[in-house]
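Structural description and commentary
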Amino acid sequence: MFRINSSNVVALEDRCCHRGLPLSKGVVVGSTIQCSYHGLKYDCSGACVHIPNQEKIPSSARVKSFSVVEQDGLVWVWLGAAEGAQGQNPDRYKWHTEEKWAHKGKKNYTRAPASMLIDNLLDLSHVGYVHGGTIGVDPKSHSAAEMNYEPTAWGIVMSRKMRDAQPPSTYVAAAGFQGKIDRWSDTEFRPAYITISAGAKDVNQGAFEGNQEGAFWLKSLHAITPETESTTHYFWTISHRVRDDMPGLTEFLFQEIDKTFAEDKEVIEAQSNNLLRTPDRPLIDVRADGPSLLARRLIKKWKEQEREQSTSEGTSLSAL
Amino acid sequence: MFRINSSNVVALEDRCCHRGLPLSKGVVVGSTIQCSYHGLKYDCSGACVHIPNQEKIPSSARVKSFSVVEQDGLVWVWLGAAEGAQGQNPDRYKWHTEEKWAHKGKKNYTRAPASMLIDNLLDLSHVGYVHGGTIGVDPKSHSAAEMNYEPTAWGIVMSRKMRDAQPPSTYVAAAGFQGKIDRWSDTEFRPAYITISAGAKDVNQGAFEGNQEGAFWLKSLHAITPETESTTHYFWTISHRVRDDMPGLTEFLFQEIDKTFAEDKEVIEAQSNNLLRTPDRPLIDVRADGPSLLARRLIKKWKEQEREQSTSEGTSLSAL
Amino acid sequence: MFRINSSNVVALEDRCCHRGLPLSKGVVVGSTIQCSYHGLKYDCSGACVHIPNQEKIPSSARVKSFSVVEQDGLVWVWLGAAEGAQGQNPDRYKWHTEEKWAHKGKKNYTRAPASMLIDNLLDLSHVGYVHGGTIGVDPKSHSAAEMNYEPTAWGIVMSRKMRDAQPPSTYVAAAGFQGKIDRWSDTEFRPAYITISAGAKDVNQGAFEGNQEGAFWLKSLHAITPETESTTHYFWTISHRVRDDMPGLTEFLFQEIDKTFAEDKEVIEAQSNNLLRTPDRPLIDVRADGPSLLARRLIKKWKEQEREQSTSEGTSLSAL
């Protein structure tokens, strides 16, 4: 993936069609990427347009290219056939562009299947057990949260409400809560990503009666992208309302959530190691698994639909 | 494996039956172990007794538990079916409890099959070649030791005698030998462990005529526990008679034997790497292999007996 | 591989025939190598000549031995059957022994198939892209070099000429070029190694009309030895004419070429990783691949001839 003239983003197969060097080791020359081994150049369609000391370029000299949309500070890559991308615009993500809001993100690499990261986000009862030092409080408050979820045309919506709860240390530091709070989160699960809109407000201020004015908000985007069947690229960002009196707030929240995800990574990689070693031992489901089990059924259904369409659209799903 | 109330030891399958996190990452809560991912709790029978925010616990919510006996400073785990453990008491090991004796031990991890560690202990002719800096002297003295061994109802006994030998540096430092010594070792090989009782006394003091009074003794226990077909947990301890004038003796002997086993580990892992890469090249046996070849035949026989009994008793043997 | 009496070189299978320890961990005792586990000794024919405390040595107690010729500062090992080595003398390499010439070399370990290292040396159009800091200049000069190659009775000869070119930084430092140069290289590809004789001289001094007097020469030997199908030992040396006014010249040239090969290693290992992950994606050939494609055909032919002879001669080819 590279930018032409510091502008358009191009996504090509990361493998020169001559001797296989990753093109990500190459250099951008004008509107082409030049391989760093023997100097072949490719344009943004993936066609080879230059072979040193050779006039004729065979038509087979090309690498795959992928449809790309850059929008709201995100680069969306369509991994399926280019035709399928026609008229398909990725969703907008307003929390990267909203006035008076700031955001920061990162890519994590996790040695576990993408499905285990999705499970993690769709069962937030783990927050009290795993994240006591940042966004979690006593486990019971999280487990007993009022939870609702349902399928939609595009995925799943899930909401959680914690009434009269202790504020977690991250929220105290970021928003100055002095007593108990009402706390909520609204999660949306879609094929390519998950968003969580988390909020909190002093208790007894009508938060659950429609008055969220003055609430503290932490919005997050989780683009969980399978690399192989057992490894995953995890792109994430957090967004928050700017506070003029707290210039370091973006960095603080980013660091807190980075710690939180490092805790998740440790748990999920241990889980993955254990399950890969013992594929024949049984597992059980519990009530809190409702949303993640629904997500698995949806992913299964989406993959079947993809196969029925006999196209390579959306092959990004295949490793989920 | 965990202790309830700092007392009883419990051994459970290291894999939560919900999402597979190792329970060894959990915390002990009362008489249960609580998983650190979603908070499921298990009692000492392996039954799940708590699922957060869920009243009904399915009967399938359980992990395997293993019969455990803690005795003489050792924890013995019966890996077979619980019924098979009935009336089966592990052997006593008096050198951990004898008055005026002290001991210290450790667990080593070796990237080699358990069988190669057993071979190592049952062919002590290697001591002169591998352990010249601690318990070994000139190789010839070790190779030429008078050796006897025979099968018993429960395994193998092997004795070795070295007459009129140079004392090794570990023995000189620990027992103050000033001249040559008579030196001996009595090894017992059993399904789950090996013991070696090594002794030495000044030469011409009747050691081999029944007078072992005043001898220096070093007793060792070697519990060689297969992890996989090519990796092994090696639990070991050394025991010795306390000397009031040498308060650091336990630590000294422990460090010497720890060095010795680090030397073995280097040899055995190099051997294992080489043999795994060249499974088709032939190997020969030599006379000194008598005890280890007998041990292999016994292990083969024990495994066949185990299969004939059609139970899962003693499955700890299966990776040997 | 070891020396008897600091003299004759012996090459044996690196695996004791008793319990498999690498003999390279052993010690040389007289004219034997003694295994460091149980003390078996082998003579230079690979026969076991000593088993501690055992008089009879079975005739099967032996390891493979290989015909070895030490010549010109190189040790040549014949990996095929000993009979095949009869009357086969390795080529001489005069640039290690020529008066007033000096040389220095090294062994590199590369996680890539040997074939990718051969490709690298037979397509020098990469020099401008990969080695700009040492022996390369602008890529175009290298790509556009006049190149000729042809098969011979024993392999391939290839010559390259760069007229009126910028001198690369290594040459400037070593030979003091102040303006443009004529530059050439003559490569010979044989089953077991490649040699490159590179030279340069001030432009317009008749270098390409037969007058190479006063030229700067850098001769190199590349013995590319497969370890496995995807790993390679790469032995190399550089040779140059001694200059009394530059006592550090050997070390300087060695360091420059060492840097150059570290650059190649990075490229070739990235290439190998990528190709091993995507064996089903197509590759194309370009004009500059002529010599390396010819080399592949020759290697294929040599391997077929080897099989037809139904001997194990020259099995060193099998991993190429």
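Residues numbered from 1 in each chain as written. Chains lettered and ligands numbered in written order. Predicted model: local features only at pLDDT ≥ 70, side-chain atom pairs only at ≥ 80, totals over all residues. Heavy atoms only, no water.

The subject of this paragraph is the domain arrangement of chain A. Along its sequence, chain A is carved into domain 1 (2-63) and domain 2 (95-307). Between domain 1 of chain A and domain 2 of chain A, the C-alpha centre-to-centre distance is 39 Å. (Domains from an automatic or database assignment.)

In summary, the two copies of the chain are related to each other by a rotation about an axis coupled with a shift along it. In the superposition of chain B on chain A (RMSD 0.1 Å, axial shift 0.1 Å), the rotation amounts to 120 degrees. Viewed as a symmetry operation, the transformation between the two copies matches a three-fold axis. (Least-squares fit on C-alpha atoms with pLDDT ≥ 70 in both.)

What follows deals with the interface of chain B and chain A. Listed per partner, the contact involves 26 residues of chain B and 28 residues of chain A. The largest per-residue losses of area from chain B upon contact with chain A belong to B:Arg15, B:Arg19 and B:Tyr37, which jointly make up 35% of the total buried on that side. For the pair chain B and chain A, the interface holds four salt bridges. On inspection of chain B and its partner chain A, the count reaches 18 residue pairs in polar contact (both at pLDDT 80 or more). Class assignment of the residues belonging to the side of chain B that touches chain A gives a composition of 11 nonpolar, nine polar and six charged. (Contact = heavy atoms within 4.5 Å. Buried area = accessible area lost by both parts, 1.4 Å probe. Salt bridge = Lys/Arg side-chain N within 4 Å of Asp/Glu carboxyl O. Polar contact = N/O pair within 3.5 Å; in protein donor to acceptor, adjacent residues only side chain to side chain. Nonpolar A, V, L, I, M, F, W, Y, C, P; charged D, E, K, R; others polar.)

When you line up the elements, B:Asp14 lands in the loop between strand S2 (8-12) and strand S3 (27-29). B:Asp14 sits 117 residues away from B:His131 along the chain, and the two C-alpha atoms are 37 Å apart. Every residue in contact with B:Asp14, bar those within four places of it in the chain, is listed here: A:Asn274, B:Leu21, B:Pro22, B:Leu23 and B:Ser24. Within the structure, B:Asp14 has its side chain in polar contact with the backbone nitrogen of B:Ser24 (distance 2.7 Å). (Helix = DSSP H or I, 4+ residues; strand = E, 2+ residues; numbered from the N terminus.)

A few words now on the packing of helix H2 (residues 114-122) of chain A against helix H7 (residues 290-308) of chain A. All names here are of chain A. In the contact formed by H2 and H7, the axes pass within 8 Å of each other and the chain directions differ by 140 degrees. As the angle between them shows, H2 and H7 are arranged oblique. Both H2 and H7 take part in a crossing whose hand is right-handed. Here H2 contributes Ile118, Asp119 and Leu122 to the contact with H7, which in turn contributes Pro291, Ser292, Ala295, Arg296 and Ile299. Broken down by class, the residue content of the contact of H2 with H7 amounts to five nonpolar, one polar and two charged. (Axes fitted to C-alpha atoms, helices over the stretch in contact; angles between N-to-C directions. Parallel < 35°, antiparallel > 145°, perpendicular 65-115°, else oblique. Left-handed = near helix turned anticlockwise from the far one by under 90°.)

Another aspect to go through is the interface of chain B and chain C. On the chain C side, the residues contacting the 28 residues of chain B number 25 residues. Both sides together, the interface formed by chain B and chain C hides about 2,300 Å², and carbon and sulfur atoms give 48% of it. On the chain B side of the contact with chain C, B:Tyr129, B:Arg281 and B:Ile284 bury the most area, a combined 29% of that side's loss. For the pair chain B and chain C, the interface holds four salt bridges. B:Glu266 is paired through a salt bridge with C:Lys25; the nearest N and O atoms lie 3.0 Å apart. Across the contact surface, chain B and chain C share 18 residue pairs in polar contact (both at pLDDT 80 or more). Counting only elements with at least two residues in the side of chain B that touches chain C, the list comes to helix H2 (114-122), helix H3 (127-130), helix H6 (249-277) and helix H7 (290-308) of chain B.

Another aspect to go through is the packing of aromatic side chains. According to the stated counting rule, one finds 27 aromatic pairs over all chains in the structure shown. Between A:Trp184 and A:Phe208, the aromatic rings sit 5.9 Å apart at their centres with planes inclined by 75 degrees, giving edge-to-face as the arrangement. In this pair, A:Trp184 is assigned in strand S12 (residues 181-189) and A:Phe208 in the loop between strand S13 (194-202) and strand S14 (216-228), connecting sequence segments 24 residues apart. On the accessibility criterion, A:Trp184 (5% relative accessible area) is buried. Assessed through its relative accessible area of 17%, A:Phe208 is described here as buried. Taking 4.9 Å as the distance between ring centres and 85 degrees as the angle between the ring planes, the aromatic pair formed by A:Trp236 and A:Phe261 counts as edge-to-face. With A:Trp236 in strand S15 (residues 231-241) and A:Phe261 in helix H6 (residues 249-277), this pair connects stretches of sequence that are 25 residues apart. For the pair shown, A:Trp236 and A:Phe261 are each scored as buried. Over the face of the ring belonging to B:Phe208 we find B:Lys161, whose NZ or CZ atom lies 5.8 Å from the ring centre. (Phe/Tyr/Trp six-rings, centres within 6.5 Å; stacked < 30°, edge-to-face > 60°. Buried < 20%, exposed > 50% of the residue type's maximum accessible area, 1.4 Å probe, protein only. Lys NZ or Arg CZ within 6 Å of the ring centre and 35° of its normal.)

Moving on: the environment of B:Arg296. By the secondary structure assignment, B:Arg296 is in helix H7. Given a relative accessible area of 38%, B:Arg296 falls into the partly exposed group. Taking C-alpha positions, B:Arg296 is 8.9 Å from B:Asp119, a pair spaced 177 residues apart along the chain. With near-sequence residues (within four places) excluded, B:Arg296 lies in contact with B:Asp119 and C:Arg19. Polar side-chain contacts of B:Arg296 include one of 2.8 Å to the side chain of B:Asp119.

This part covers the sheet that holds strand S1 (residues 2-4) of chain C. Whether parallel or antiparallel, the strands of a sheet pair through hydrogen bonds between backbone atoms. Residue and element names in this part refer to chain C. What the four strands build is an open sheet, ordered S1-S2-S7-S8; its pairing is antiparallel. The open sheet has two edge strands, S1 and strand S8 (74-78), and neither has a second partner. The average angle at which neighbouring strand axes cross in this sheet is 35 degrees, direction not considered. Across three bridges, the pairing between S1 and strand S2 (residues 8-12) is antiparallel. (Pairing = 2+ DSSP bridges.)

Turning next to the pairing of strand S12 (residues 181-189) of chain C. All names here are of chain C. Summarising burial for S12: seven of the nine residues are buried, a large majority. Relative to strand S13 (residues 194-202), S12 runs antiparallel, the two being bridged by nine bridges. What sits directly across from Ile181, in S13, is Asp202. Two successive antiparallel strands, S12 and S13, enclose a turn made up of four residues.

On to the pattern of salt bridges. This structure, assessed with the given rule, holds 53 salt bridges over all chains. Ionic pairing is found between A:Lys106 and A:Asp258, a salt bridge with its closest N-O pair at 2.9 Å. Here A:Lys106 is found in strand S9 (residues 101-110), whereas its partner A:Asp258 is found in helix H6, with 152 residues between them in sequence. Taking the relative accessible area as the measure of exposure, A:Lys106 reaches 34% and is therefore partly exposed. A relative accessible area of 17% places A:Asp258 in the buried class. Between A:Glu146 and A:Arg163 there is a salt bridge whose closest N-O contact spans 3.3 Å. With A:Glu146 in strand S10 (residues 146-151) and A:Arg163 in strand S11 (residues 156-165), this pair connects stretches of sequence that are 17 residues apart. Classification of A:Glu146 by relative accessible area gives partly exposed; the value is 36%. Its relative accessible area of 46% is what places A:Arg163 among the partly exposed residues. Salt bridges linked by common partners bring A:Arg19, C:Asp285 and C:Asp289 together as one network.

Further remarks concern the sheet that holds strand S14 (residues 216-228) of chain C. All names here are of chain C. The strand order across the open sheet formed by seven strands is S9-S15-S14-S13-S12-S11-S10, and the pairing between neighbours is antiparallel. Since the sheet does not close on itself, it has two edges, and those belong to strand S9 (101-110) and strand S10 (146-151), each with one partner. Pairs of neighbouring strands in the sheet enclose a mean axial angle of 15 degrees, with direction left out of account. Strand direction decides the pairing type here: S13 and S14, joined by seven bridges, are antiparallel.

All names here are of chain A. In this model, chain A carries an average pLDDT of 93, and 97% of its residues clear a pLDDT of 70 or more. The weakest mean pLDDT in chain A belongs to helix H1 (residues 82-85) at 76; the strongest belongs to S13 at 98. Contacts of residues 311-320 to residues separated by more than four positions or lying in other chains number 29 contacts, the stretch itself having pLDDT below 50. (pLDDT = per-residue confidence, 0-100.)

In this section: a nonpolar patch on the surface. Together, A:Met1, A:Val75, A:Val77 and A:Leu79 give the surface a local cluster of nonpolar side chains, amounting to about 330 Å² of exposed area. Inspection of the secondary structure assignment puts A:Val75 in strand S8 (residues 74-78). (Patch = residues over 30% accessible without salt bridge, like charges linked within 9 Å, V, L, I, M, F, W, Y side chains within 5 Å. Areas by Shrake-Rupley, 256 points an atom, 1.4 Å probe, with all protein chains shown as cover.)

Residues and elements named next belong to chain C. With respect to the secondary-structure elements, His142 resides in helix H4 (residues 139-143). Within polar-contact distance, the side chain of His142 engages the backbone nitrogen of Val137 at 3.0 Å. The contacts of His142, once residues within four sequence positions are left out, are Leu124, Ser125, Val127, Gly128, Ile135, Gly136, Val137, Arg160, Met162 and Arg183.

Our focus in this paragraph is unusual backbone geometry. Residues and elements named next belong to chain A. The phi torsion at Asp72 lies on the positive side, around 60 degrees, for a residue other than glycine. With respect to the element layout, Asp72 can be found in the loop between strand S7 (65-71) and S8. What makes Asp72 buried here is its relative accessible area of 10%.

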